[in-house]
Amino acid sequence: MADKPVRADKATAVTELTDRFRGAGATVLTEYRGLTVSQLTQLRRSLGRETTYTVAKNTLAKRAATDAGIDGLDELFTGPTALTFVSGDVVEAAKGLRDFAKAHPQLVIKGGVFEGRAITASEVTRLADLESREVLLAKLAGAMKGNLSKAAALFQAPLAQTARLAAALQEKRAKEEPAEQAEPAA
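Figured I'd write up the structure that's included with this text. (Residues numbered from 1 in each chain as written. Predicted model: local features only at pLDDT ≥ 70, side-chain atom pairs only at ≥ 80, totals over all residues. Heavy atoms only, no water.)

Concerning empty space enclosed by the protein
Next, step 1: Inspection of the entire model under this criterion finds 1 cavity of 30 Å³ or more.
Next, step 2: Size it by volume and the largest cavity reaches roughly 30 Å³.
Next, step 3: If you go around the largest cavity, the residues you meet are Val28, Val86, Val90, Ala93, Ala94, Ile119, Val124 and Leu127.
Next, step 4: Elements with a minimum of two residues in the lining of the largest cavity: helix H4 (90–103) and helix H5 (121–129).
Next, step 5: The element best represented in the lining of the largest cavity is H4, accounting for 3 residues.
Next, step 6: Grouping the constituent residues of the lining of the largest cavity by class yields 8 nonpolar, no polar and no charged. (1 Å grid on protein atoms, 1.4 Å probe; cavity = no way out; pocket = protein on both sides within 12 Å on 5 of 7 lines; lining within 4 Å. Points joined across faces, edges and corners; volume = space filled by probe spheres on them. Helix = DSSP H or I, 4+ residues; strand = E, 2+ residues; numbered from the N terminus. Nonpolar A, V, L, I, M, F, W, Y, C, P; charged D, E, K, R; others polar.)

See the structure below:
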């Protein structure tokens, strides 16, 4: 009889983890061995509100990943494992984990899931090296504005050349007319 409540709790935990796997834009697996509770709390705060850092049993997390349809993570579920579920900007979360791991070498990034496929620890680091979404959008907007300015100048150039040509012809005629008027008088 004592086994049934435990199994119900495990089933609930697997269901919750499965929902988190499905709802997250990315999930990063880390090993947290040697970190204190206050350091883990600091890590959770640094990741922001759209990212959750959860410690889970490997067997339950492995089963939840399988239920969510994610393959390729089985070898990562060794040792103490924590799951970082990212709902917001994946690059910002990856930067937060990378920076925290630099300051606290006990945190080891094992790998994760991004857009439904398994990624390695080096791929998580490459994500962290990307610029944030806002910076990339600003660069794109700047490039588009620059191209629009060039196009506007290109379309305006023939009109400006025509205006300069008309002004040059007018000046030429103005110079020729006084010469023509001076000849008959002479």
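Re helix H2 (residues 37–47)
Next, step 1: Among the residues making up H2, those that are buried are Gln39, Leu40, Leu43 and Leu47. The buried residues of H2 occupy an angular sector of 100° when projected down its axis, which confines them to one face. In H2, those exposed residues whose orientation departs by more than 90 degrees from the buried face are Val37, Ser38 and Arg45.
Next, step 2: Elements in contact with the buried residues of H2: strand E2 (51–55), strand E3 (82–86) and H4. (Buried < 20%, exposed > 50% of the residue type's maximum accessible area, 1.4 Å probe, protein only. Arc of directions from axis to C-beta. Contact = heavy atoms within 4.5 Å.)

Side note on the pairing of E3
On a regular strand, each side chain points to the face opposite its neighbour's, so the side chains alternate between the two faces of the sheet.
Next, step 1: Here E3 lies mainly inside the structure; 5 of its 5 residues are buried.
Next, step 2: Burial along E3 is two-sided: the residues Ala82, Thr84 and Val86 and Leu83 and Phe85 are all buried.
Next, step 3: The pairing of strand E1 (residues 26–31) with E3 spans 5 bridges and is classified as antiparallel. Bridged to Val28 within E3 is Thr84. (Pairing = 2+ DSSP bridges.)

Thoughts on H4
Next, step 1: Between its terminal C-alpha atoms H4 stretches 20 Å, which fits the 20 Å expected from 14 residues at 1.5 Å a residue.
Next, step 2: Every buried residue of H4 is accounted for by Val90, Val91, Ala93, Ala94, Gly96, Leu97, Arg98, Phe100 and Ala101.
Next, step 3: Looking at the buried residues of H4, the elements they touch are E1, H2, E2, E3, strand E4 (108–114) and H5.
Next, step 4: One side-chain oxygen of the residue at the start of H4 lies 3.3 Å from the amide nitrogen of Val91, identifying that residue as Asp89. (Expected span 1.5 Å × (residues − 1). Polar contact = N/O pair within 3.5 Å; in protein donor to acceptor, adjacent residues only side chain to side chain.)

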